[in-house]
Every structure is written in structure tokens, then in C-alpha cells.
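If you want the building blocks of each chain, they are given just below.
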Amino acid sequence: MQRSTTEIENEARWLFTYDAKILKEVCSIFYADLYDDISKDIFCAVSETDELDDITTSMVIAARESVERKGKRLEPRHYSLQEIVELQKETFKTIYHAIDEHESPEEEIKRYRKPYKKDTGDYERKSKEKELLEEMLKSDIVLIGDHHTLREAKTKMMRYLKRLIGKKDIVLALEMVPSKYQKHLDSYLSGEINEDEFLCRIKYDETWNFVFEDYKPLIEFAKERGIPVIAINSMPRRKKGRLLERDKRMAEAIANLDDGKLAYVVVGDWHLASNHLPRELKKRLRGKRILRVFQNSEDIYWNYTIKTKRRPGIVKISEDSYCVFSANPLLKLDSYLSFREEEDCFFDDDIPEDVKCHIFPKRRKNYRKQLKTFMRIVSKLAGLNGEHSRLLHV
């Protein structure tokens, strides 16, 4: 039975809208003269799809058949590494633009992220985990960057935290909890209140709302090992300059931590830019060694890939900063887009409750599977072949 356009828009827009934009972008790159026709064929195929899980697959088949019907050949060819990276960049830009269209970020936010881009524009050399851990142990404060919607970012944090245990006393500082709710965090750690009560008391849905299950292993590990956990976030009332104000308040909270312990600070990646949180810390803690550990910089990822023909693991950026990689740039961005689409779906009154439950039974979409499938589409449409094509995949 053919489904109506309204049904598609209501029930599948979280998947169709943005994936179709990216797919059409790829079509426009390789088959510019067929852009409109292929787009129509893709939409018709998706409109006839009964199962939500089959939408992406339908897009693959429709796009390939559309191209072939119009006389274009999809014979595999060997693309250079440079061409592969450029294709990934084009796809990345499309997702990024989709996010900006969706979010309409304020000018202040755009200005705030520029120093981060500057600090992570390139790297000095390849590094290894042993070197990074040694540098952590030499430091007084480790700022480890968090892409809030990317589960893999928290996995790296946990990995390093476990390897530091027993070598130095540690205090774990978390941006995810406002400082004013420290007493509730203490109650949760001591077992006085359960998880639901804890999240309710700190108003988690209002103050953070990223998937708690991603952060929970860090907190539980600290609880098991007796590691103090400190809340460092704040919610400034004023709108103008609120991000810089948060940096100042977080710096004050970190400066008040136990002086004899290594402060392991989990905070958003943008805050690690040299003139944001690190600058505020240096004003308050002169002589203290601060190590910055960025995660998954797309610019460094692409530069490293071009130079070495391999995916990056750990690189040294400067004397006081490293970057570690746990995800492809596309997965990093798609994790955020998937989170926002999911959030909008749950707060959209036009989408029936049974549909919401079917799509997100655990409020967690398998975006990795979705993106892997999608990147196979891109590879097929581009006719990619050869060893470098794997760099396009997640």
C-alpha cells in the first residue's frame, strides 16, 4: 500500500529529511545534470516504503536505478585519496549546514567556536597512548574534551581514567552537573538517592539532557573507586557573554579542588580553546600545568589522513595539547543531528505517541548503523573502489 506524503513527513522525517539532503548533494556532485530527476525518484521510492527501517535502503536502490535508467554508468573506478577526503568533506559540510539550519546558532556561539577551530587546525606529530598518559600524570589539570552526543567520546574518557587509577590521586570534575546541585550529586554517590531521584533533583532534562547512560559509567566507576566527583557547570542568567561567563565560573570551581590531586575535567570540546577555559584557569592557578585533550577534530583527521594514508589515533598538537580519535567526523556530526531530531520528535505533538515509541523505544537511535548504511550509498553512487574508499566509511 502506497503511503501518503503526509505520513512520510510525519513518521519518517527524522531519517528522511536530512539523509535525503545529503544524498541529493552527492548526486549533484557526480551527476549535476540529473540532480532534480534523481531527487524525485528517491522521494517516490521512500513514499512507497512500508517499514521505517527500510527507508535508507530504498534510497540506495532508487538512486542507483535512477542513474542507470538515464544512461549513466556506475562502473567502479579508483579515486585518489585526495578525492575521497574531498567527498567526505562535502558530505560533512552538508550535515553541518543542516545542523545550522536546524539550530540557527546565535552569533555569539559562532564566535565562541572559532578559537576551537584555530587551535585544532593542524597537528605537530603522531603520538601514542603511553606518551599521553605520561603527560597526564605530569599535569595538575587534565581537560578532556567531550562531544556531548557521541558515546565513543565517553568511552575514551573512561579508558584513560582507568589507566590513571593507582598512579595518582584523582578528582573527577563534570560539566554535566551544575555546581549548585553538588549536594544532590553527593547524595547519589553515597547511595542516599537513586538515579531517577538524582536526575529529577538536578533538573537534568532542563540543565543538560544529553543521554545520561553515556556518562553513567564514569560516575559509577568513580563511585566504586572512591574518586571524588565535583559538579562545575553553571547557568548564567544573562544571555550576552554567557559562554565566557561559564568558563569563568568553571575555572573558579576547578581552582577550589583538592590541590594535591589530579583534576580530571570532563568538559565540552569548545571550552578547551586556549582563550576560553584554559585562560581563566591560568589567571587563578599560576604555575599549574594544564593539559588539553581534544577529541575528534575533523580538520586534523583529514590532514592526518592525507599525510599518512591512515586514520589517526592520537596526535600531539602543541606542548600542552593532544587530540585523540574515536570516531569519523561524519559519525561525530551525525550523532548530534540524530540527537536533535530525536528530541524534536519527542516534543512534536503532530507525531503520534505509538510512532514515537516505535522509532525510539529507548530514546536512543542506532545512528552508527544508519550512517554506515548511508556511507555505503555514497560509495556506490560515487563508484568508489580501492583501498582508500574505507576512509569514507564509519
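Residues numbered from 1 in each chain as written. Predicted model: local features only at pLDDT ≥ 70, side-chain atom pairs only at ≥ 80, totals over all residues. Heavy atoms only, no water.

(A) Representation of the overall build of the chain within the structure. A tally of regular secondary structure across the chain gives 17 helices and 10 strands. Across the 394 residues of the chain, 54% fall into the buried class. In the chain, 79% of the contacts between residues at least 6 apart in sequence involve partners at least 24 apart. A total accessible area of about 18900 Å² is found for the chain, and carbon and sulfur atoms account for 47% of it. (Helix = DSSP H or I, 4+ residues; strand = E, 2+ residues; numbered from the N terminus. Buried < 20%, exposed > 50% of the residue type's maximum accessible area, 1.4 Å probe, protein only. Contact = heavy atoms within 4.5 Å. Areas by Shrake-Rupley, 256 points an atom, 1.4 Å probe, with all protein chains shown as cover.)

(B) Spatial organisation of the side chain of Glu 195. With respect to the secondary-structure elements, Glu 195 resides in helix H9 (residues 195-201). Polar side-chain contacts of Glu 195 include one of 2.6 Å to the side chain of Lys 216. (Polar contact = N/O pair within 3.5 Å; in protein donor to acceptor, adjacent residues only side chain to side chain.)

(C) Inspection of the sheet that holds strand S6 (residues 262-268) at higher detail. Strand order in the open sheet formed by 8 strands is S2-S8-S9-S7-S3-S6-S4-S5, and the pairing between neighbours is mixed. Strands at the two margins of the open sheet, each flanked by one partner only, are strand S2 (125-126) and strand S5 (229-233). Where helix H8 (residues 182-190) meets the sheet, its contacts fall on strand S4 (170-178) and S5, and the angle it forms with S5 comes to roughly 150°. (Pairing = 2+ DSSP bridges. Axes fitted to C-alpha atoms, helices over the stretch in contact; angles between N-to-C directions.)

(D) A look at unusual backbone geometry. The phi dihedral of Asn 209 is positive, around 75°, even though this residue is not glycine. Positionally, Asn 209 belongs in the loop between helix H10 (204-207) and helix H11 (212-225). A residue is classified by how much of its surface remains accessible, and Asn 209, at 12% relative accessible area, is buried.

(E) A look at the confidence of the model for the chain. Looking at the chain as a whole, the pLDDT averages 77, with 64% of positions reaching at least 70. For residues 1-18, every residue scores under 50 in pLDDT, and the model assigns this stretch 38 contacts once sequence neighbours within four places are set aside. Note on residues 49-53: pLDDT under 50 across the span, and 12 contacts to partners over four residues away in sequence or across chains. (pLDDT = per-residue confidence, 0-100.)

(F) Spotlight on H8. For H8, the set of buried residues is Gln 182, His 184, Leu 185, Ser 187, Tyr 188 and Leu 189. Summarising the contacts, the buried residues of H8 are in contact with S4, H9, H11 and S5. After H8 finishes, the residue Gly 191 shows a positive phi value of roughly 90°.

(G) Representation of the nonpolar core in the model. Membership of the largest hydrophobic core comes to 44 residues, with the highest contact counts inside it found for Leu 132, Met 136, Tyr 160, Met 176, Phe 198 and Tyr 264. For this core, the element with the highest residue contribution is H11, accounting for 6 residues. Each residue touching Met 176, except ones within four places of it in the same chain, is listed here: Tyr 204, Trp 208, Phe 212, Tyr 215 and Ile 219. In this structure, Met 250, Ala 251, Ala 253 and Phe 325 belong to the second largest nonpolar core, which totals 35 residues. (Core = buried A, V, L, I, M, F, W, Y, C linked by side-chain atoms within 4.5 Å.)

(H) Geometry of the pattern of salt bridges. Scanning the entire structure with this criterion turns up 24 salt bridges. Across the pair Lys 117 and Glu 298 runs a salt bridge, and its minimum N-O distance is 2.8 Å. Of this pair, Lys 117 sits in helix H5 (residues 107-119) while Glu 298 is found in helix H14 (residues 298-308), placing the two residues 181 residues apart along the sequence. Of the residues examined, Lys 117 reaches a relative accessible area of 32% and is grouped as partly exposed. Between Glu 252 and Arg 284 there is a salt bridge, with its nearest N and O atoms 3.7 Å apart. Taken together, the residues Glu 252 in helix H12 (residues 242-255) and Arg 284 in helix H13 (residues 277-284) connect sequence positions 32 residues apart. The exposure class of Arg 284 is partly exposed, given its relative accessible area of 30%. The network of salt bridges with shared partners includes Lys 117, Glu 298, Asp 299 and Lys 332. (Salt bridge = Lys/Arg side-chain N within 4 Å of Asp/Glu carboxyl O.)

(I) Up close: the packing of aromatic side chains. Under the counting rule described, the total for this entry stands at 8 aromatic pairs. Measuring from centroid to centroid gives 6.2 Å for Trp 208 and Tyr 215, while their planes differ by 75°, and the two rings are edge-to-face. Its relative accessible area of 10% is what places Trp 208 among the buried residues. (Phe/Tyr/Trp six-rings, centres within 6.5 Å; stacked < 30°, edge-to-face > 60°.)

(J) The side chain of Glu 135, seen in detail. By the secondary structure assignment, Glu 135 is in helix H6 (residues 129-138). When sequence neighbours within four positions are dropped, the list of residues in contact with Glu 135 reads Arg 289, Leu 291 and Tyr 322.

(K) Looking closely at the packing of helix H7 (residues 151-164) against H11. The N-to-C vectors of H7 and H11 enclose an angle of 15°; their axes lie 8 Å apart at closest approach. In terms of their interaxial angle, H7 and H11 are classed as roughly parallel. Relative to H11, the crossing made by H7 is left-handed. The segment H7 lies against H11, with Arg 151, Lys 154, Met 157, Met 158, Leu 161 and Lys 162 engaging Asp 214, Tyr 215, Pro 217, Leu 218 and Phe 221. Grouping the amino acids of the contact of H7 with H11 by side-chain chemistry returns 7 nonpolar, no polar and 4 charged. (Parallel < 35°, antiparallel > 145°, perpendicular 65-115°, else oblique. Left-handed = near helix turned anticlockwise from the far one by under 90°. Nonpolar A, V, L, I, M, F, W, Y, C, P; charged D, E, K, R; others polar.)

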